[in-house]
Amino acid sequence: MPTEEFVVTPYEVRGAIDYDRLRERFGTQPIADADLATLRELAGGTLSPLLTRGVYCSQRDLARLLADHRAGRRFFLYSGRGPSGPIHTAHLIHFHLCRWLQERLGVPMYIQITDDEKFWLRPGTDREETARFGRENLLDLLAVGFDPKRTRVFFDSRSIGTMYPLATEVAKRITYSTVKAVFGFKPETNIGLVFYTALQTVPAFYPSWRTGHPVPCLIPCGIDQDPHFRVTRDLADGLQYPKPALLHGQILPGLSGGAKMSAGGDRADDALYLNDPPAEVDRKIRRAFTGGRATLEEQRRLGATPEVCSVWALWRTQFARDDLEFETVTRDCRSGAMMCGECKEKILGRIHPFLEEHRRRREKARDYAESLILEPLPGGTDAAHAPELPEP
Ligand code: TRP
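Residues numbered from 1 in each chain as written. Predicted model: local features only at pLDDT ≥ 70, side-chain atom pairs only at ≥ 80, totals over all residues. Heavy atoms only, no water.

Participant: Looking at this structure, I do not really get the packing of aromatic side chains. What am I missing?
Facilitator: To describe a pair of aromatic rings, you give the distance between the ring centres and the angle between the ring planes. Under the counting rule described, the total for this entry stands at 13 aromatic pairs. Seen from their ring centres, Phe95 and Phe146 are 6.5 Å apart, and the 85° between their planes marks the pair as edge-to-face. Placement of Phe95 in helix α5 (residues 93-105) and of Phe146 in the loop between α7 (127-142) and β6 (151-155) is noted, with a sequence separation of 51 residues between them. Both rings, one in Tyr110 and one in Tyr206, keep their centres 6.0 Å apart while their planes meet at 80°; by these two values the pair is edge-to-face. With Tyr110 in strand β5 (residues 109-113) and Tyr206 in helix α10 (residues 191-211), this residue pair connects regions lying 96 residues apart in the sequence. You'll find Tyr110 and Tyr206 in the same group, each marked buried. The structure contains a cluster of three or more aromatic residues connected by ring pairs, namely Phe76, Tyr110, Phe154, Tyr206 and Trp209. Of note, Arg158 hangs over the ring of Phe155, and the distance from its end group to the ring centre comes to 5.7 Å. (Phe/Tyr/Trp six-rings, centres within 6.5 Å; stacked < 30°, edge-to-face > 60°. Helix = DSSP H or I, 4+ residues; strand = E, 2+ residues; numbered from the N terminus. Buried < 20%, exposed > 50% of the residue type's maximum accessible area, 1.4 Å probe, protein only. Lys NZ or Arg CZ within 6 Å of the ring centre and 35° of its normal.)

Participant: Which parts of the structure should I look at to understand unusual backbone geometry?
Facilitator: With a phi angle near 60°, Asp61 is a residue other than glycine that sits in the positive phi range. Here Asp61 shows up in the loop between β3 (56-60) and α4 (62-70). One non-glycine residue, Gln240, adopts positive backbone phi at about 60°. With respect to the helices and strands, Gln240 occurs in the loop between α11 (226-239) and β8 (245-249).

In structure tokens:
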């Protein structure tokens, strides 16, 4: 049976993704051991499990970024979120990596909330509603533990006055034929989306624009966002800003076996939301798609397949306490020593306290979330000044 070709774009993810082939298609590089060794050294001797377990599987210009950082040209982080609904656990991955990098290297972080993008993208959505999701999502992202002193937020519909001067420079240099080719736009695509990629570029150049010095940027994101940043990188030379470096994460599978954890229509149980009540979490995990065998007997004899399992993806990315626990779970799954039911109960014992703690931190973030949003003041200055930008 021919397998379906996989598709990965910012607006569609489908099929079984072959990351080696995707890197070739996109022209990105694998993450070299030497780069990880450099990062480990810069981070004081440890690495995030997201890097050691291959959750991040591709990069652009990482070696150059790390060499620059080591030489004193410190970078800043940038990632974002399109607020199409409540946040689920897979959305947090990039923010976990960013928080780890911020904590270890003391670097500033910009978060972009693209309520405009989601409004333009989804027929039938309400502008107020995407903005409301944006405010709610921001609390979830800040609950990950960013340092408020070093973190600022571009909330598109509110920060547009801060972004617009740079967005106009960027937009002037992007042609319609480029975005049509990169994003596959159709004649019926609205012109909001045609312009949108200019706005996703703005945070990557903002510190360089604002300070007048080249400030290197690192963007940890899902590999599906790479097409936007190919456009960004192609503009960098012309504007005389550094090309942003990228770290690409894999697309995390949904609990019902979909290619990407998402809320799509009939797959309501696909995602584990940060605001799911405990009984709902139990139900979703117990029903989740696994790499188990048809019968217990067979599984004891032959073992299961962690690589295709949606629960293993949760262990791997977020819920294993440490490497030892992750390796034990993986080994016992593969050998048939642990059945899926037991594994699911065990991970529920991790997920519940995680969600409780998350909700506590999220409430605390209410105290300062507003103050991090960049907004223009009359006269052209910003309400929330850029975090201490790295020295040029
Ligand atoms: N387009 C992204 C989304 O749909 C949101 C986003 C904006 C983003 N800027 C980003 C994601 C930078 C990663 C990195 O979710």
